[in-house]
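# Chain and residue survey
Now for the letters of each chain:
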Amino acid sequence: MEDKISNDIDLAVSQIKNCSRIVAFSGSGISAESGIPTFRDPGGLWDQLDPWEVGTVPGLLSALESKSDQLKPIFLNILDTFEKSEPNQAHIALSELEKVGKLIGIITQNIDNLHQDAGNTRVVEMHGNLFRMKCLSCGSEETYERQSFISKTRETMNQIPAFNIDNLLKLAARCSKCGELTRPDVVMFGEAVHQLRESYQLAQSADLMLVLGTSGVVYPAADLPGQAKARGAVVIEINPAENAFASMTDVYIPLKAGEALKEIMNRYGMT
Ligand code: NAD
(Lines give C-alpha, C1' and ligand atoms only; values in the text may rest on other atoms or scores of the structure.)
Protein backbone atom coordinates (compact mmCIF):
# COMPACT_ATOMS: atom_id res chain seq x y z
CA MET A 1 0.00 0.00 0.00
CA GLU A 2 1.29 3.46 -0.90
CA ASP A 3 2.57 5.61 2.00
CA LYS A 4 0.03 8.35 1.31
CA ILE A 5 -2.90 5.92 1.46
CA SER A 6 -1.52 4.27 4.58
CA ASN A 7 -1.09 7.66 6.27
CA ASP A 8 -4.63 8.65 5.30
CA ILE A 9 -5.96 5.40 6.79
CA ASP A 10 -4.16 6.28 10.05
CA LEU A 11 -5.74 9.73 9.89
CA ALA A 12 -9.19 8.19 9.36
CA VAL A 13 -8.66 5.88 12.35
CA SER A 14 -7.73 8.77 14.63
CA GLN A 15 -10.74 10.82 13.44
CA ILE A 16 -13.04 7.86 14.08
CA LYS A 17 -11.55 7.45 17.57
CA ASN A 18 -12.24 11.12 18.31
CA CYS A 19 -15.85 11.08 17.11
CA SER A 20 -18.99 9.67 18.67
CA ARG A 21 -21.77 10.49 16.21
CA ILE A 22 -20.65 8.85 13.00
CA VAL A 23 -23.09 8.69 10.10
CA ALA A 24 -22.39 6.62 6.99
CA PHE A 25 -23.70 7.76 3.64
CA SER A 26 -23.56 4.89 1.16
CA GLY A 27 -24.11 4.42 -2.54
CA SER A 28 -24.05 1.44 -4.83
CA GLY A 29 -20.22 1.19 -4.67
CA ILE A 30 -20.40 -0.20 -1.13
CA SER A 31 -22.23 -3.25 -2.45
CA ALA A 32 -19.91 -3.82 -5.43
CA GLU A 33 -17.77 -6.20 -3.34
CA SER A 34 -20.97 -8.13 -2.55
CA GLY A 35 -21.32 -8.80 -6.27
CA ILE A 36 -23.97 -6.17 -7.06
CA PRO A 37 -22.72 -3.98 -9.93
CA THR A 38 -23.05 -0.23 -9.57
CA PHE A 39 -25.13 1.57 -12.17
CA ARG A 40 -22.46 3.70 -13.76
CA ASP A 41 -19.25 1.68 -13.55
CA PRO A 42 -18.24 -0.38 -16.62
CA GLY A 43 -20.36 -3.55 -16.67
CA GLY A 44 -23.04 -1.83 -14.60
CA LEU A 45 -26.74 -1.85 -15.39
CA TRP A 46 -26.51 1.33 -17.45
CA ASP A 47 -24.32 -0.56 -19.95
CA GLN A 48 -27.29 -2.83 -20.67
CA LEU A 49 -30.23 -0.48 -20.29
CA ASP A 50 -30.89 3.17 -20.90
CA PRO A 51 -31.68 4.69 -17.49
CA TRP A 52 -34.15 7.10 -19.00
CA GLU A 53 -35.87 4.20 -20.69
CA VAL A 54 -36.40 1.92 -17.70
CA GLY A 55 -35.64 4.16 -14.72
CA THR A 56 -38.95 6.01 -14.91
CA VAL A 57 -42.42 4.54 -14.50
CA PRO A 58 -43.67 5.61 -17.98
CA GLY A 59 -40.36 4.53 -19.55
CA LEU A 60 -40.52 1.11 -17.94
CA LEU A 61 -44.14 0.58 -18.97
CA SER A 62 -43.33 1.47 -22.55
CA ALA A 63 -40.17 -0.71 -22.59
CA LEU A 64 -42.27 -3.62 -21.30
CA GLU A 65 -44.48 -3.16 -24.35
CA SER A 66 -41.77 -2.66 -26.95
CA LYS A 67 -38.90 -4.89 -25.80
CA SER A 68 -40.24 -7.31 -23.24
CA ASP A 69 -38.14 -10.19 -24.62
CA GLN A 70 -34.96 -8.20 -24.02
CA LEU A 71 -35.99 -7.16 -20.50
CA LYS A 72 -36.87 -10.58 -19.11
CA PRO A 73 -33.31 -12.05 -19.10
CA ILE A 74 -31.95 -8.78 -17.69
CA PHE A 75 -34.48 -8.82 -14.83
CA LEU A 76 -33.81 -12.51 -14.14
CA ASN A 77 -30.09 -11.75 -14.05
CA ILE A 78 -30.70 -8.93 -11.55
CA LEU A 79 -32.62 -11.38 -9.34
CA ASP A 80 -29.71 -13.86 -9.49
CA THR A 81 -27.29 -11.10 -8.48
CA PHE A 82 -29.37 -10.00 -5.51
CA GLU A 83 -29.95 -13.61 -4.47
CA LYS A 84 -26.23 -14.33 -4.20
CA SER A 85 -25.29 -11.08 -2.48
CA GLU A 86 -24.22 -10.98 1.15
CA PRO A 87 -22.85 -8.18 3.32
CA ASN A 88 -19.15 -7.54 2.69
CA GLN A 89 -16.41 -6.19 4.97
CA ALA A 90 -17.68 -2.64 4.57
CA HIS A 91 -21.23 -3.48 5.69
CA ILE A 92 -19.82 -5.55 8.56
CA ALA A 93 -17.50 -2.74 9.70
CA LEU A 94 -20.45 -0.32 9.87
CA SER A 95 -22.38 -2.80 11.96
CA GLU A 96 -19.38 -3.13 14.34
CA LEU A 97 -19.18 0.66 14.62
CA GLU A 98 -22.86 0.75 15.58
CA LYS A 99 -22.39 -2.02 18.17
CA VAL A 100 -19.65 -0.07 19.94
CA GLY A 101 -21.83 3.04 19.98
CA LYS A 102 -19.84 5.09 17.47
CA LEU A 103 -22.15 4.99 14.47
CA ILE A 104 -25.58 6.56 14.97
CA GLY A 105 -27.05 5.71 11.60
CA ILE A 106 -26.70 5.02 7.91
CA ILE A 107 -28.24 6.95 5.05
CA THR A 108 -28.20 4.75 1.98
CA GLN A 109 -29.15 5.14 -1.65
CA ASN A 110 -29.11 1.36 -1.99
CA ILE A 111 -32.14 -0.84 -2.21
CA ASP A 112 -30.39 -4.12 -1.44
CA ASN A 113 -31.06 -4.45 2.34
CA LEU A 114 -27.41 -5.41 2.95
CA HIS A 115 -26.91 -2.87 5.76
CA GLN A 116 -29.78 -4.44 7.71
CA ASP A 117 -28.53 -7.92 6.87
CA ALA A 118 -25.17 -6.94 8.39
CA GLY A 119 -26.96 -5.94 11.60
CA ASN A 120 -27.36 -2.16 11.41
CA THR A 121 -30.59 -1.02 13.02
CA ARG A 122 -30.95 2.61 11.93
CA VAL A 123 -30.87 2.66 8.15
CA VAL A 124 -32.54 5.47 6.24
CA GLU A 125 -33.30 4.17 2.76
CA MET A 126 -33.70 7.21 0.54
CA HIS A 127 -34.39 5.15 -2.56
CA GLY A 128 -36.48 2.43 -0.95
CA ASN A 129 -35.98 -1.30 -0.62
CA LEU A 130 -36.38 -3.94 -3.31
CA PHE A 131 -37.78 -6.45 -0.84
CA ARG A 132 -40.62 -4.23 0.35
CA MET A 133 -43.86 -4.09 -1.61
CA LYS A 134 -46.17 -1.12 -1.36
CA CYS A 135 -49.87 -1.13 -2.13
CA LEU A 136 -50.76 1.30 -4.92
CA SER A 137 -54.17 1.82 -3.34
CA CYS A 138 -53.98 1.88 0.47
CA GLY A 139 -50.20 2.41 0.79
CA SER A 140 -49.65 -0.59 3.11
CA GLU A 141 -46.14 -1.94 3.07
CA GLU A 142 -44.97 -5.50 3.42
CA THR A 143 -41.31 -6.49 3.70
CA TYR A 144 -40.18 -9.92 2.53
CA GLU A 145 -37.24 -12.12 3.36
CA ARG A 146 -34.65 -11.94 0.54
CA GLN A 147 -34.57 -15.57 -0.60
CA SER A 148 -38.32 -16.21 -0.52
CA PHE A 149 -39.02 -12.91 -2.31
CA ILE A 150 -36.52 -13.75 -5.05
CA SER A 151 -37.69 -17.34 -5.51
CA LYS A 152 -41.32 -16.25 -5.71
CA THR A 153 -40.56 -13.42 -8.16
CA ARG A 154 -38.43 -15.68 -10.35
CA GLU A 155 -41.15 -18.34 -10.36
CA THR A 156 -43.73 -15.72 -11.36
CA MET A 157 -41.55 -14.35 -14.15
CA ASN A 158 -40.85 -17.81 -15.52
CA GLN A 159 -44.58 -18.64 -15.53
CA ILE A 160 -45.45 -15.71 -17.76
CA PRO A 161 -45.70 -16.73 -21.41
CA ALA A 162 -44.96 -13.23 -22.71
CA PHE A 163 -43.26 -10.74 -20.45
CA ASN A 164 -45.66 -7.86 -21.04
CA ILE A 165 -47.73 -5.51 -18.90
CA ASP A 166 -50.99 -7.44 -19.15
CA ASN A 167 -49.40 -10.67 -17.95
CA LEU A 168 -47.34 -8.96 -15.28
CA LEU A 169 -50.42 -7.24 -13.89
CA LYS A 170 -52.30 -10.54 -13.73
CA LEU A 171 -49.55 -12.13 -11.66
CA ALA A 172 -48.42 -9.11 -9.64
CA ALA A 173 -48.58 -9.47 -5.86
CA ARG A 174 -51.76 -8.16 -4.23
CA CYS A 175 -52.02 -6.23 -1.01
CA SER A 176 -52.82 -8.48 1.94
CA LYS A 177 -55.01 -5.72 3.44
CA CYS A 178 -57.12 -4.41 0.53
CA GLY A 179 -56.37 -6.84 -2.30
CA GLU A 180 -55.21 -4.14 -4.73
CA LEU A 181 -52.02 -4.09 -6.79
CA THR A 182 -48.62 -3.62 -5.16
CA ARG A 183 -45.24 -2.55 -6.56
CA PRO A 184 -41.66 -2.77 -5.26
CA ASP A 185 -41.06 0.17 -2.94
CA VAL A 186 -38.11 1.56 -4.91
CA VAL A 187 -37.75 5.15 -6.04
CA MET A 188 -37.63 5.60 -9.81
CA PHE A 189 -36.32 8.73 -11.56
CA GLY A 190 -38.77 11.58 -11.14
CA GLU A 191 -40.31 10.15 -7.96
CA ALA A 192 -39.90 11.68 -4.52
CA VAL A 193 -37.18 10.17 -2.34
CA HIS A 194 -38.13 8.57 0.96
CA GLN A 195 -37.38 9.96 4.42
CA LEU A 196 -35.80 13.17 3.20
CA ARG A 197 -36.30 15.02 6.49
CA GLU A 198 -34.81 12.15 8.48
CA SER A 199 -31.85 11.99 6.08
CA TYR A 200 -31.10 15.68 6.52
CA GLN A 201 -31.51 15.48 10.31
CA LEU A 202 -29.17 12.52 10.52
CA ALA A 203 -26.57 14.14 8.25
CA GLN A 204 -26.74 17.38 10.24
CA SER A 205 -26.28 15.59 13.55
CA ALA A 206 -23.07 13.81 12.48
CA ASP A 207 -19.68 14.72 13.85
CA LEU A 208 -18.12 12.48 11.20
CA MET A 209 -19.57 11.34 7.90
CA LEU A 210 -18.22 8.32 6.05
CA VAL A 211 -19.03 8.72 2.36
CA LEU A 212 -18.85 5.28 0.80
CA GLY A 213 -19.14 4.31 -2.86
CA THR A 214 -21.23 7.05 -4.36
CA SER A 215 -20.68 9.10 -7.49
CA GLY A 216 -22.54 12.04 -5.99
CA VAL A 217 -24.61 12.72 -9.07
CA VAL A 218 -28.02 11.65 -7.76
CA TYR A 219 -29.84 14.45 -5.91
CA PRO A 220 -31.07 15.21 -3.30
CA ALA A 221 -28.95 12.43 -1.74
CA ALA A 222 -25.73 14.02 -3.01
CA ASP A 223 -26.46 17.11 -0.94
CA LEU A 224 -25.99 15.26 2.37
CA PRO A 225 -22.19 15.34 2.78
CA GLY A 226 -22.41 19.13 2.35
CA GLN A 227 -25.08 19.26 5.07
CA ALA A 228 -22.83 17.34 7.44
CA LYS A 229 -19.80 19.46 6.55
CA ALA A 230 -21.72 22.71 7.07
CA ARG A 231 -22.45 21.62 10.68
CA GLY A 232 -18.76 20.96 11.30
CA ALA A 233 -18.53 17.23 10.62
CA VAL A 234 -15.33 15.60 9.42
CA VAL A 235 -15.91 14.01 6.00
CA ILE A 236 -14.05 10.83 5.07
CA GLU A 237 -14.64 9.55 1.56
CA ILE A 238 -13.78 6.04 0.37
CA ASN A 239 -14.03 5.34 -3.35
CA PRO A 240 -11.44 3.60 -5.53
CA ALA A 241 -12.17 5.61 -8.66
CA GLU A 242 -13.11 9.17 -7.78
CA ASN A 243 -13.13 11.73 -4.99
CA ALA A 244 -16.67 12.80 -5.85
CA PHE A 245 -16.95 15.17 -2.87
CA ALA A 246 -13.42 16.57 -3.13
CA SER A 247 -14.41 20.11 -2.15
CA MET A 248 -15.51 19.00 1.32
CA THR A 249 -13.50 15.84 1.98
CA ASP A 250 -11.03 15.91 4.90
CA VAL A 251 -9.65 12.45 4.20
CA TYR A 252 -9.94 10.63 0.86
CA ILE A 253 -9.02 6.95 0.65
CA PRO A 254 -8.84 5.64 -2.95
CA LEU A 255 -9.59 2.01 -2.12
CA LYS A 256 -12.60 -0.28 -2.31
CA ALA A 257 -14.93 0.30 0.63
CA GLY A 258 -14.56 -3.23 2.04
CA GLU A 259 -10.80 -3.20 1.71
CA ALA A 260 -10.42 0.25 3.31
CA LEU A 261 -12.86 -0.33 6.17
CA LYS A 262 -11.31 -3.70 6.98
CA GLU A 263 -7.92 -2.00 7.30
CA ILE A 264 -9.41 0.84 9.35
CA MET A 265 -11.04 -1.65 11.74
CA ASN A 266 -7.76 -3.61 12.02
CA ARG A 267 -5.78 -0.52 12.90
CA TYR A 268 -8.54 0.62 15.25
CA GLY A 269 -8.17 -2.73 17.02
CA MET A 270 -11.75 -3.81 16.39
CA THR A 271 -11.15 -7.08 14.56
P1 NAD B 1 -23.24 5.16 -8.97
O2 NAD B 1 -23.38 3.91 -9.80
O3 NAD B 1 -23.57 6.45 -9.59
O4 NAD B 1 -21.72 5.29 -8.46
C5 NAD B 1 -21.06 4.23 -7.85
C6 NAD B 1 -19.81 4.77 -7.20
O7 NAD B 1 -19.22 3.70 -6.46
C8 NAD B 1 -18.75 5.28 -8.19
O9 NAD B 1 -18.28 6.53 -7.74
C10 NAD B 1 -17.65 4.21 -8.10
O11 NAD B 1 -16.37 4.77 -8.31
C12 NAD B 1 -17.82 3.72 -6.69
N13 NAD B 1 -17.35 2.36 -6.43
C14 NAD B 1 -17.30 1.30 -7.28
N15 NAD B 1 -16.84 0.22 -6.63
C16 NAD B 1 -16.59 0.59 -5.36
C17 NAD B 1 -16.12 -0.09 -4.20
N18 NAD B 1 -15.80 -1.39 -4.22
N19 NAD B 1 -16.00 0.62 -3.04
C20 NAD B 1 -16.32 1.95 -2.99
N21 NAD B 1 -16.78 2.63 -4.06
C22 NAD B 1 -16.92 1.96 -5.22
O23 NAD B 1 -24.05 4.87 -7.67
P24 NAD B 1 -24.77 5.84 -6.65
O25 NAD B 1 -23.91 7.03 -6.39
O26 NAD B 1 -25.18 4.99 -5.50
O27 NAD B 1 -26.09 6.35 -7.38
C28 NAD B 1 -26.86 5.63 -8.29
C29 NAD B 1 -28.16 5.00 -7.85
O30 NAD B 1 -27.97 3.63 -8.03
C31 NAD B 1 -28.59 5.11 -6.44
O32 NAD B 1 -29.76 5.81 -6.45
C33 NAD B 1 -28.93 3.67 -5.99
O34 NAD B 1 -30.28 3.64 -5.58
C35 NAD B 1 -28.86 2.86 -7.22
N36 NAD B 1 -28.25 1.51 -7.15
C37 NAD B 1 -28.32 0.73 -6.05
C38 NAD B 1 -27.72 -0.51 -6.03
C39 NAD B 1 -27.82 -1.33 -4.79
O40 NAD B 1 -28.83 -1.27 -4.08
N41 NAD B 1 -26.78 -2.10 -4.45
C42 NAD B 1 -27.01 -0.96 -7.13
C43 NAD B 1 -26.96 -0.16 -8.27
C44 NAD B 1 -27.58 1.09 -8.27
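Look a little higher up for the structure.
Residues numbered from 1 in each chain as written. Predicted model: local features only at pLDDT ≥ 70, side-chain atom pairs only at ≥ 80, totals over all residues. Heavy atoms only, no water.

## Some points on the site of the ligand
Taken together, 27 residues lie around the ligand, and R40, Q109, H127, S215 and E242 are the ones closest in. Contact between the ligand and F39: an oxygen atom at 3.1 Å from a main-chain N or O atom of the residue. Note that an oxygen atom of the ligand is positioned 2.5 Å from one of the side-chain N or O atoms of S215. If the ligand stood free it would expose 850 Å²; the protein chains cover 94% of that surface. Partitioned by chemical class, the residues of the shell around the ligand number nine nonpolar, 12 polar and six charged. (Near = heavy atom within 4 Å. Polar contact = N/O pair within 3.5 Å; in protein donor to acceptor, adjacent residues only side chain to side chain. Areas by Shrake-Rupley, 256 points an atom, 1.4 Å probe, with all protein chains shown as cover. Nonpolar A, V, L, I, M, F, W, Y, C, P; charged D, E, K, R; others polar.)

## Here we look at helix 8 (residues 146-159)
Relative to the 20 Å expected for 14 residues at 1.5 Å per residue, helix 8 spans 20 Å between its end C-alpha atoms, a close match to the ideal helical length. Where helix 8 is buried, its residues contact helix 5 (68-84), helix 7 (114-118), strand 4 (128-135) and helix 9 (165-171). The N-cap of helix 8, judged by a side-chain oxygen 3.2 Å from the amide nitrogen of Q147 a few residues on, is E145. (Helix = DSSP H or I, 4+ residues; strand = E, 2+ residues; numbered from the N terminus. Expected span 1.5 Å × (residues − 1). Contact = heavy atoms within 4.5 Å.)

## A word on the sheet that holds strand 5 (residues 141-143)
Taken in spatial order, the three strands line up as 5-4-6 in an open sheet, and their pairing is antiparallel. Strands at the two margins of the open sheet, each flanked by one partner only, are strand 5 and strand 6 (182-186). Between one strand and the next, the sheet's axes are offset by a mean angle of 35°, whatever the strand orientation. Relative to strand 5, strand 4 is paired through three bridges, and the arrangement is antiparallel. Bridged to R132 within strand 5 is T143. (Pairing = 2+ DSSP bridges. Axes fitted to C-alpha atoms, helices over the stretch in contact; angles between N-to-C directions.)

## Notes on the sheet that holds strand 8 (residues 234-238)
One open sheet accounts for six strands, arranged 3-2-1-7-8-9; its pairing is parallel. The open sheet is flanked by strand 3 (123-125) and strand 9 (251-253), the only strands paired with a single partner. Taken over all neighbouring pairs, the strand axes of this sheet differ in orientation by 15° on average, direction set aside. Both strand 1 (residues 22-26) and strand 7 (residues 208-212) contribute to a ladder of five bridges, which runs parallel. Of the residues in strand 7, the one forming a bridge with A24 is L210. Lying over the sheet, helix 6 (residues 89-99) contacts strand 1, strand 2 (103-108) and strand 7, oriented at roughly 145° with respect to strand 2. Of the strands in this sheet, strand 7, strand 8 and strand 9 are in contact with helix 12 (residues 257-268), which crosses strand 8 at around 125°.

## Thoughts on the packing of aromatic side chains
Per the counting criterion, the structure on display carries three aromatic pairs. A ring pair is formed by F82 and F131, whose centres lie 6.4 Å apart and whose planes are at 70°; its orientation type is edge-to-face. One end of the pair, F82, is in helix 5; the other, F131, is in strand 4, with 49 residues separating them in the sequence. We note that F82, like F131, is buried. Ring centres of Y144 and F149 lie 6.0 Å apart, and the angle between their planes is 40°; this geometry places the pair in the tilted category. Exposure remark for Y144: the relative accessible area of 32% places this residue in the partly exposed category. (Phe/Tyr/Trp six-rings, centres within 6.5 Å; stacked < 30°, edge-to-face > 60°. Buried < 20%, exposed > 50% of the residue type's maximum accessible area, 1.4 Å probe, protein only.)

## Re helix 12
If you check helix 12, its first and last C-alpha atoms are 16 Å apart, about what 12 residues at 1.5 Å a residue would give, namely 16 Å. Turning to helix 12, its buried residues number three or more, namely A257, G258, A260, L261, I264, M265 and Y268. Burial along helix 12 is one-sided: seen end-on, the buried residues are contained in an arc of 165°. Taken together, the buried residues of helix 12 touch helix 1 (3-18), helix 6, strand 7, strand 8 and strand 9. (Arc of directions from axis to C-beta.)

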